[in-house]
Amino acid sequence: MKRSIAAGVAVGAAVLLAVSACSSSKKGTGGGSASSGGGGAVTLSFVGADYGTGPANSTQKYWEGIASDFKAANPNITVNVQTINWNDFDNKVKTMVQNKQYPDVMEGDYFPDYAQSGLLYSAKDVTSPNTFSNLLSVFAKLNTYNGTQYGMPFTTSARTLFYNKKLFQQAGISSPPQTWDDVKADAAKVKALGKVGFGMPLGSEEAQAEALLWFLGNGGGYQDDNGDWTINSSQNAEALQFMAGMVKDGVTEPNPGTKNRTDLWKQFAQGQIGMINGSPALIPIIQEGGKLQASDWASVPIPGKSGPLDKTLGVCDNVSVFKTDTKKQDAVKKFLDFFYQDKYQVQFDKEYDLLPATNSAIKSLSSDTTFAPFLKALPNSVQYPNAPIWSTVKTQIQQQLGLAMTQDPQKILDNIQQTAKKGS
Amino acid sequence: MSETVARTRTEEIGPRRRRPARRLSYPRRAARALSPLLWIGPAIALIGVVVLWPVYVMFKTSFQRFTANGFNLGAAGWRNFTDLFDEPDLKSILVRTVVWVVVVVGVTMTISLGLAELFNQRFPGRRAARWALIAPWAASVLMTAFIFRWALDPQYGVINVFLHDVGVLKSFGSNQADWLGRPDSAFVWMMVVAIFVSLPFSTYALLAGLQTIPSELYEAARVDGASPWRTYRSITLPLLRPSFLVALLINVINVFNSFPIIWAMTRGGPGYETATSTVFMFQLKQAFIGESAAMSVLNFGLVIVVVLVFLKVTRWKDQVT
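Each chain has its residues counted from 1, running along the sequence as written. Ligands are numbered from 1 and chains lettered from A, in the order in which they are written. pLDDT decides what is reported in this predicted model: residues at 70 or higher carry local features, side-chain atom pairs at 80 or more are listed and counted, and totals for whole chains, interfaces and linings draw on all residues regardless.

Participant: Teacher, can you tell me more about the overall build of chain B here?
Facilitator: Each helix corresponds to a stretch of at least 4 residues labelled H or I by DSSP, and each strand to a stretch of at least 2 residues labelled E; elements are numbered beginning at the N terminus. If you tally the helices and strands in chain B, you get 14 helices and 2 strands. Relative to its length of 321 residues, chain B is extended, with a C-alpha radius of gyration of 27 Å against a globular reference of 20 Å. Overall, the C-alpha framework of chain B stretches about 95 × 75 × 30 Å when taken along its three principal axes. Neighbour density around each residue's C-beta defines its exposure: 20 or more other C-beta atoms within 10 Å make it buried, 12 or fewer make it exposed, and counts between make it partly exposed, where C-beta atoms are placed from the backbone. Taking all 321 residues of chain B together, 32% fall into the buried category. Each residue is represented by a C-beta atom placed from its backbone, and any two residues with such atoms within 7 Å are regarded as in contact. Within chain B, residue pairs in contact and separated by at least 24 positions form 65% of the contacts whose partners lie at least 6 positions apart. Two things to know: the radius of gyration comes from C-alpha atoms, and the globule rule equals 2.2 Å times the number of residues to the power 0.38.

Participant: Is there a simple way to think about helix α2 (residues 59–73) of chain A in this case?
Facilitator: At 3.6 residues per turn, the α-helix brings residues three or four places apart onto the same side. Expected span, for any helix, means 1.5 Å times one less than how many residues it has. The end-to-end C-alpha distance of α2(A), which contains 15 residues, comes to 21 Å, matching closely the 21 Å that a straight helix rising 1.5 Å per residue would cover. Looking at the buried positions of α2(A), the neighbouring elements they touch are β1 (42–50), β2 (77–85), α12 (329–339) and α13 (342–352) of chain A.

Participant: Please clarify how the interface of chain B and chain A should be interpreted in this entry.
Facilitator: Frequently, the measure chosen for interface size is the accessible area that the parts lose on association. Taken together, the 33 residues of chain B in the interface contact 29 residues of chain A. Among the secondary structure elements, those contributing two or more residues to the side of chain B that touches chain A are α8 (183–211) and α10 (228–257) of chain B. For the side of chain B that touches chain A, the residue count by class is 14 nonpolar, 16 polar and 3 charged. When residues are grouped by polarity, Ala, Val, Leu, Ile, Met, Phe, Trp, Tyr, Cys and Pro land in nonpolar, Asp, Glu, Lys and Arg in charged, and all others, Gly among them, in polar.

Participant: Would you mind going over the sheet that holds strand β8 (residues 196–199) of chain A with me for this structure?
Facilitator: Paired through backbone hydrogen bonds, the strands of a sheet run either parallel or antiparallel to each other. All names here are of chain A. Pairing in this open sheet of 4 strands is mixed, and the strands run β8-β9-β7-β10 from one edge to the other. Each of the sheet's edge strands pairs with one partner strand only, and the pair in question is β8 and β10 (297–300). The sheet shows a mean angle of 15° between the axes of neighbouring strands, taken without regard to direction. Relative to strand β9 (residues 273–278), β8 runs parallel, the two sharing 3 bridges. Of the residues in β9, the one forming a bridge with V196 is I273. Two strands qualify as a pair provided DSSP detects at least 2 bridges between them. Geometry is summarised by axes, namely lines fitted to C-alpha atoms with helices restricted to the contacting stretch, and by angles between N-to-C directions that run from 0 to 180 degrees.

Participant: Is there a simple way to explain helix α9 (residues 234–248) of chain A in this structure?
Facilitator: Residue and element names in this part refer to chain A. Here α9 contains 15 residues, and its C-alpha end-to-end distance of 21 Å stays within 8% of the 21 Å for a straight helix at 1.5 Å per residue. Looking at the buried residues of α9, the elements they touch are α7 (180–191), β8, α8 (207–217) and α17 (409–422). Two residues or fewer past α9, G250 is found with a positive phi of approximately 75°.

Participant: Help me understand the pairing of strand β11 (residues 314–321) of chain A in this model?
Facilitator: One face of the sheet, then the other: side chains in a regular strand alternate in exactly this way. Residues and elements named next belong to chain A. Of all 8 residues in β11, 8 are buried; the element is thus mostly enclosed. Burial along β11 is two-sided: G314, C316, N318 and S320 and V315, D317, V319 and V321, pointing in opposite directions, are all buried. Direction of pairing for strand β3 (residues 105–108) relative to β11: antiparallel, over a ladder of 4 bridges. By the bridge assignment, V105 is partnered in β11 with V321. Alignment of strand β6 (residues 152–158) against β11, held across 6 bridges, turns out to be antiparallel. Among the inter-strand pairings, T155 is bridged to a residue of β11, identified as D317.

Participant: I'm lost on the packing of α10(B) against helix α13 (residues 289–314) of chain B in this one. Help?
Facilitator: For any two helices packed against each other, one specifies the crossing angle of their axes together with the interaxial distance. Residues and elements named next belong to chain B. At their nearest, the axes of α10 and α13 sit 11 Å apart, and the two run at 165° to each other. Taken together, the axes of α10 and α13 are roughly antiparallel relative to one another. Handedness of the crossing formed by α10 with α13: right-handed. Each of L245, L249, V252, I253 and F256 in α10 lies in contact with α13, whose residues at this interface are V303, V306, F310 and T314. Considering only residue class, the contact of α10 with α13 consists of 8 nonpolar, 1 polar and no charged. In this scheme, roughly parallel covers angles under 35 degrees and roughly antiparallel covers those over 145, while 65 to 115 is roughly perpendicular and the rest are oblique. The crossing is said to be left-handed when, going from far helix to near helix, the turn is anticlockwise and less than a right angle, and right-handed when the turn is clockwise.

Participant: How should the nonpolar core be read in this particular structure?
Facilitator: Nonpolar side chains tend to gather and get buried jointly when the protein is soluble and globular. For this analysis, nonpolar core means a set of buried Ala, Val, Leu, Ile, Met, Phe, Trp, Tyr and Cys residues linked through C-beta atoms within 7 Å. Within the largest apolar cluster, 120 residues are counted, with the highest numbers of intra-cluster contacts made by L44(A), M275(A) and F335(A). Here the limits of each domain have been adopted from an automatic or database domain assignment. Each of domain 1 (33–157 + 315–380) and domain 2 (160–311 + 389–422) of chain A contributes no fewer than three residues to this core. I195(B), V255(B), I262(B) and V279(B) belong to the second-largest nonpolar core, a separate cluster that totals 54 residues.

Participant: What exactly am I supposed to notice about the environment of M58(B) here?
Facilitator: Residues and elements named next belong to chain B. Structurally, M58 is set in helix α2 (residues 26–62). Separated by 20 residues in the primary sequence, M58 and W78 have C-alpha atoms spaced 14 Å apart. Beyond its immediate chain neighbours, meaning those up to four positions away, M58 contacts A293, S296, V297 and F300.

Participant: What is the right way to read the packing of helix α4 (residues 90–120) of chain B against α10(B) from this model?
Facilitator: Residues and elements named next belong to chain B. Interaxial distance between α4 and α10 falls to 9 Å at its minimum, and their mutual angle equals 140°. Classified by the interaxial angle, the pair formed by α4 and α10 is oblique. For the pair α4 and α10, the sense of crossing is right-handed. Residues W100, V101, V104, V105, T108 and M109 of α4 touch α10, and the partners they reach there are A247, L248, N251, V252, V255 and F256. When its residues are assigned to classes, the contact of α4 with α10 shows 10 nonpolar, 2 polar and no charged.

Participant: Where do I start with the environment of S128(A) in this structure?
Facilitator: All names here are of chain A. Here S128 shows up in the loop between α4 (112–116) and α5 (129–134). A residue is classified by how many C-beta atoms lie within 10 Å of it, and S128, with 14 of them, is partly exposed. Taking C-alpha positions, S128 is 8.4 Å from K334, a pair spaced 206 residues apart along the chain. Residues contacting S128, with those up to four places away along its chain left out, are K333 and D337.

Participant: Sorry, what's going on with the sheet that holds β3(A) here?
Facilitator: Residue and element names in this part refer to chain A. Judged by pairing direction, the sheet is mixed, and its 5 strands sit side by side in the order β2-β1-β3-β11-β6 without closing on themselves. Of all the strands in the sheet, just β2 and β6 have a single pairing partner and so form its edges. Pairwise comparison of adjacent strand axes, ignoring direction, gives a mean angle of 15° for this sheet.

See the structure below:
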């Protein structure tokens, strides 16, 4: 009897932990130890995030395709590919790194403290000058630690405001919103139709993104140009107050502090939400939902307090190269130069509705109607801070910021600012 | 007690008084002394690896500084603990944890007493009913929690559909329908789920206890003309005490440590407003590993204190062994 629930729960959790730990460590060692054998044959281990929604469009396939093309061009270099579901990516990578089972090349989130701990090659050491200069320079700072760039952008994304044209028409709104007041007024009109006026995901998934878009609209942000923290600036607090006002008026979904982007994007795709900040990744969700035709929605620059923003939040996922074995450096360089070709960039972006990270690929996609508005916003996009403490700050924003809708925003921002300052 | 002491003493004195026995050689003596290890060794090793080692690592971690991604930056002294006690939310989290444990365990045990009595009666299909009772226990707690989360979805959740049909809920997607969005209602629903998954174990423990009560006692009570309530109070409850206490203690520990329900349903949010101390520990872990370890130490201490107080108050030894 004693075994009971206790054991049930504990064993379950333990097994889960053990399984995830094992699976990551096993695959991790694959790269770490089965390294360059004799005769110039080199094996690289590659770990990447999986952007697919299922086995059909798994990113595993994408990378395996590249690996086999690469093998054909370089017969003595083999690349072992492992992709990890996004939900588990951070945890698995952290586990691998904590156990010192580094992959050779990683694509996904970039961790500044890996550079800080000296685990990574600098970008210039593992790319040819051509490849390096082709990378979008706007993301360089994000990937820089102490003046050296370590991470290399691989895929990018930018935010715009999506709105449901059908609902706008029913509510008698003729043009998309340009200012905060427009947003509020339009949201109220959509709300009158019994729908959610504005989708505001301030839950733990990505509160830091939604908040930043509003902060930017009021001239705020997380850091100023000198890299000093400005989390508790009056602009930011004012933005949160405006958002709280919308919540109070009931024009957003109820309790935004507990709502996540993934769920709200799905609701937008179902036609339940009038406006929501989105990225190109929202497009396939709309298409899958089957409720909204291409003519039923549009995306416009994000409204600011007094006019549409000329900049937006740009995010990128990055390639980092671990210093596993100096003998592999040349092979890694070849591999990076190979997969940064436009062909593969474009293939990736078409598959997952994301944006390229190289200048030449942007050029070759610029005539695409779906991508054009986002590509325009990309070069002058604003990024998250690059300080190592950011991942701590980000977590705190994700957990705490939603409270600003019901409590004093200034107090919550002060609290987060304090964390940021402590670490830098 | 005195008997044992006496016996040990004679044993100690015994060999000396007798003619010295042939002494075993040292290795053989050692082998004999160590031979019990062969039998208890695996258990000791298991406890060492699964219990003691993690406890050691937990304490060690709580005195170290880590980056959010798990790099060790060296000793932290007491800073993790001072940071933890400076958390403005800590007090309300601890209060909430007490409410969580008391309400969930209290309601679970009360309902279980009734259920156990019910399942102890003879009725057609009793076997099937007993099997069915296992379901919430056999199902993954995480899965159950997810099912409830979806059932409470403000737009499409089946519970909301039902409440709407009976006229309690006015409109879907409203604040009222967003049960898990409001901290207070979310907490109540999570307690409901916790009670739901705790019921089978408690009921079975009590049912087993009920079945050990000899039927002669009930016969005697009937002959004496005791009322059913009187019989229950004077015979069933006292004789049920050992199994009741076992179930209670295990439930207290389980419910205190309960993590998956809250994590799956609200992640302890918004902020820490639906977090118990166990969930709070995990929330901290995402960014403040050292402080989270300090919270683990605090939790560990709390469980030990609760168990010790419990054992003392219930005079465990007299009751159970």
